[in-house]
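A structural walkthrough
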Amino acid sequence: MSATSSIFALISAIILTNVFWENSAMNTLFRSVFYSDIHDANDERDYNDFTLTLPIASEDGVSIVDGAISVKGEYSLYPVCDGVVSKVERASDGTYTITLKHSESFLSVIEGLDLVYFTVGEEINRHLPVGFVKNIAKVYLYNGENLLTDYAAIENSIIFNE
């Protein structure tokens, strides 16, 4: 068998394997290189699996009442952790509400923003602001449909009570 025939046989085997075996090593490699949508797999983490931070760098101007993190003043607001923008809505008063999906079960909602920096589907990073507030904004944390209320702010971190 010549070198050309061997190469042809090898390439044919790789192509046939990729066509008929969806999770082959080559298919997995090609998907990871050329298909960057990391949100295909279900992210089953819940809110306890995240390191959460307050939406501003300081505890000044922040209060937590009945599960709502209120921010009073002019601030750029940050997400509590990394995620994806799943919804942006504009209220009748001209402010925005943005919903951020952090996993299949954990999401946060920020209402009262005067400016939103991202659109639906964009990935967000906890180190980049998602919007700007001039007066007051509120951040809510949800586990599925349930509003999370049993937490406190300690040194700019959100800590859940046990």
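Structure's up top.
Here's a quick rundown of the structure. Counting restarts for each chain, with residues numbered from 1 along the sequence as it is written. Only residues with pLDDT of at least 70 get local features here, since the model is predicted, and only at 80 or more are side-chain atom pairs given and counted; chain-wide, interface and lining totals rely on the full set of residues. To obtain the side-chain values, all non-hydrogen atoms of the structure were used and water was disregarded.

**As for the nonpolar core**
Formed by 28 residues in total, the largest nonpolar core has its most connected members in Leu52, Phe106, Leu141 and Ile158. Those elements that place two or more of their residues in this core are strand S3 (68-72), strand S6 (96-101), strand S7 (106-113), strand S11 (136-143) and strand S14 (157-160). Residues count as neighbours in contact if any of their non-hydrogen atoms are within 4.5 Å of one another. Every residue in contact with Leu141, bar those within four places of it in the chain, is listed here: Leu52, Val80, Phe106, Leu107, Ser108, Asn146, Leu147, Leu148, Tyr151, Ile158 and Phe160. Among the buried residues, those of types Ala, Val, Leu, Ile, Met, Phe, Trp, Tyr and Cys that are joined through side-chain atoms within 4.5 Å form a nonpolar core. The cut-offs for exposure are 20% and 50% of the maximum accessible area for each residue type, with area from a 1.4 Å probe on protein chains only; residues under the lower value are buried, those over the upper are exposed, and the others partly exposed. Counting from the N terminus, the helices are the DSSP runs of H or I reaching at least four residues and the strands are the DSSP runs of E reaching at least two.

**Some points on the pairing of strand S13 (residues 151-154)**
The two faces of the sheet receive side chains in turn, since in a regular strand these alternate between them. Bridge analysis of S13 against S14 gives 4 bridges, and the strand direction is antiparallel. Residue Ala152 lies in a different strand from S14, and its bridge partner there is Ile159. In this antiparallel pair of consecutive strands, S13 and S14, the connection spans 2 residues, and Glu155 shows a positive phi of 50°. When DSSP locates at least two bridges between a pair of strands, those strands are taken to pair.

**Notes on the sheet that holds strand S4 (residues 75-77)**
Backbone hydrogen bonds are what pair the strands of a sheet, in a parallel or an antiparallel way. Spatially, the 3 strands line up as an open sheet ordered S4-S10-S8, and their pairing is antiparallel. With one partner strand each, in any of the chains shown, S4 and strand S8 (115-116) form the two edges of the open sheet. In terms of strand pairing, S8 meets strand S10 (residues 131-133) through 2 bridges, oriented antiparallel. Counted as the bridge partner of Leu115 is Phe132 from S10.

**Concerning the packing of aromatic side chains**
We call Phe, Tyr and Trp rings a pair once their centres come within 6.5 Å, taking the six-membered ring for Trp, and we label the pair stacked below 30 degrees between planes, edge-to-face above 60, and tilted otherwise. Scanning the entire structure with this criterion turns up 3 aromatic pairs. With 5.3 Å between their ring centres and 40° between their planes, Phe50 and Phe106 make a pair best called tilted. Pair noted here: Phe50 is in the loop between helix H2 (25-34) and strand S1 (52-53) and Phe106 is in strand S7, with a separation of 56 residues, a long-range link. For the pair formed by Phe50 and Phe106, the shared burial category is buried. In textbook terms, an aromatic cluster arises when at least three aromatic residues are bridged by ring pairs, as seen for Tyr47, Tyr151 and Phe160.

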